[in-house]
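Structural overview
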Amino acid sequence: VQLVESGGGLVQAGGSLRLSCAASGGTFSNYAMGWFRQAPGKEREFVAGIRRSGENTYYSESVKGRFTISRDNAKNMMYLQMNSLKPEDTAVYYCAARQGILTRTTTSFNYWGQGTQVTVSS
């Protein structure tokens, strides 16, 4: 499956952005999906995940209550609504897919997008 992110940009602290991830080349509903991010000098980290059906979602503690992950299996799309953004949310955001159950570990995801930059100014 191929993944393409969009929707990143520059926003002031307290603002919002909505990231999108378009999937192609596979049966989207067969894949658990996740959003990860990587800030300069830091390791890639789990942000949010969603099961194949979309019924269950999971978040890192740092974004819980501010970010919302969702998916539309009919459109082969996944989204990340980011509200109340903070400067520490600045990173390249990646969408990722894996067949099977959802996990939070980077190495368990087989397919990755190219990333989209999110910059939050103070």
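Residues numbered from 1 in each chain as written. Predicted model: local features only at pLDDT ≥ 70, side-chain atom pairs only at ≥ 80, totals over all residues. Heavy atoms only, no water.

1. Some remarks on the pairing of strand E8 (residues 77–82)
This is how it is decided: Any residue under 20% of the maximum accessible area for its type is buried, any over 50% is exposed, and the rest in between are partly exposed; the area is computed with a 1.4 Å probe on protein chains only. Elements are defined by DSSP. Helices are runs of H or I of four residues or more, strands are runs of E of two residues or more, and each kind is numbered from the N terminus. Strand pairing requires that DSSP identify at least two bridges connecting the strands.
Of all six residues making up E8, five are buried, and the element is well covered by its neighbours. As paired strands, strand E3 (residues 17–24) and E8 are joined by six bridges and run antiparallel to one another. Following the sheet pairing, Ala-22 is matched in E8 by Met-77. Adjacent in sequence and paired antiparallel, strand E7 (residues 67–72) and E8 are bridged by four residues, among which Asn-76 carries a positive phi angle near 55°.

2. A closer look at the sheet that holds E7
Short version of the rule: Interaxial angle, 0 to 180 degrees, is taken between N-to-C directions of lines fitted to C-alpha atoms, where a helix line uses only the stretch in contact.
Taken in spatial order, the four strands of this open sheet run E1-E3-E8-E7, and their pairing is antiparallel. Either end of the sheet is taken by a strand with one partner, and the two such strands are strand E1 (2–6) and E7. Averaged over all pairs of adjacent strands, the angle between strand axes in this sheet comes to 15°, irrespective of strand direction. Pairing between E1 and E3: five bridges, direction antiparallel. Looking across to E3, one finds that Ser-6 is bridged to Ser-20.

3. Side note on the layout of surface pockets
Note the following rule: Definitions used for this entry: grid spacing 1 Å over protein atoms alone; cavity, a set of points where a 1.4 Å probe fits but cannot get out; pocket, an open set with protein on both sides within 12 Å along at least 5 of 7 lines; lining residue, one with an atom within 4 Å of a point. Grid points are joined across faces, edges and corners, and a volume is the space filled by probe spheres set on the points. For this scheme, ten residues count as nonpolar: Ala, Val, Leu, Ile, Met, Phe, Trp, Tyr, Cys and Pro. Four count as charged, namely Asp, Glu, Lys and Arg, and the remainder, Gly too, count as polar.
Computed from the structure, the largest pocket encloses a volume of approximately 150 Å³. In terms of lining residues, the largest pocket is bounded by Ala-32, Arg-51, Arg-52, Ser-53, Tyr-58, Gly-100, Ile-101, Leu-102, Thr-103 and Arg-104. Partitioned by chemical class, the residues of the lining of the largest pocket number four nonpolar, three polar and three charged.

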